[in-house]
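Residues per chain, in single letters:
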Amino acid sequence: QVQLVESGGGLVQPGGSLRLSCTASGSIFSITHMGWYRQAPGKQRELVAELNYIGITNYGDCAKGRFALSRDNAKNQVYLQMDSLKPEDTAVYYCKIRDRGYDFWGQGTQVTVSS
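In short, a report on the structure. (Residues numbered from 1 in each chain as written. Predicted model: local features only at pLDDT ≥ 70, side-chain atom pairs only at ≥ 80, totals over all residues. Heavy atoms only, no water.)

A separate point is the state of the cysteines. Going through the model one piece at a time under the given rule, you end up with 1 disulfide. Between C22 and C95 runs a disulfide, and the two sulfur atoms are separated by 2.2 Å. What sets the handedness of the C22 and C95 disulfide is the S-S torsion sign, and at about -80 degrees it is left-handed. Here the residue C22 occupies a position in strand β3 (residues 18-26), and C95 occupies one in strand β9 (residues 91-99), the gap between them amounting to 73 residues. With respect to burial, C22 and C95 carry one shared label: buried. Its sulfur unpaired, C62 is 16 Å from the next cysteine sulfur, which belongs to C95. (Disulfide = S-S within 2.5 Å. Helix = DSSP H or I, 4+ residues; strand = E, 2+ residues; numbered from the N terminus. Buried < 20%, exposed > 50% of the residue type's maximum accessible area, 1.4 Å probe, protein only.)

What follows is the structure, encoded as structure tokens:
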């Protein structure tokens, strides 16, 4: 079983920054896709950032120019650097990886942007 644990969320003022971390553990063979998604109450889950198996990144419109996805393969970790945060970024952020054709999700971490 593959397990993902997100951390780094919290309360931040508009214009501030947060760095989210996702740590994968368990029986991992090869991660072919990873990404960050978010979901606000009453809204559908949306893509924030993703990285495919050949290293191509893709960002949702909400994140372009402000967020950056990175990874540390040795530690089985994926990160999301979030800058210039806005109140509309408030949501639960979820980490996802794809391994052996299966998707695995973390439990989510709350990000609240408010003054």
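Tallying each qualifying case throughout the model produces 7 salt bridges. Between D89 and R38 there is a salt bridge, and its shortest N-O distance comes to 2.9 Å. Placement of the pair is D89 in the loop between β8 (77-82) and β9 and R38 in strand β4 (residues 31-39), with a sequence separation of 51 residues. Side by side, D89 and R38 carry an identical accessibility label, which is buried. Between K64 and D61 there is a salt bridge; the shortest N-O distance is 3.2 Å. Overall, D61 belongs to the exposed group, its relative accessible area being 68%. (Salt bridge = Lys/Arg side-chain N within 4 Å of Asp/Glu carboxyl O.)

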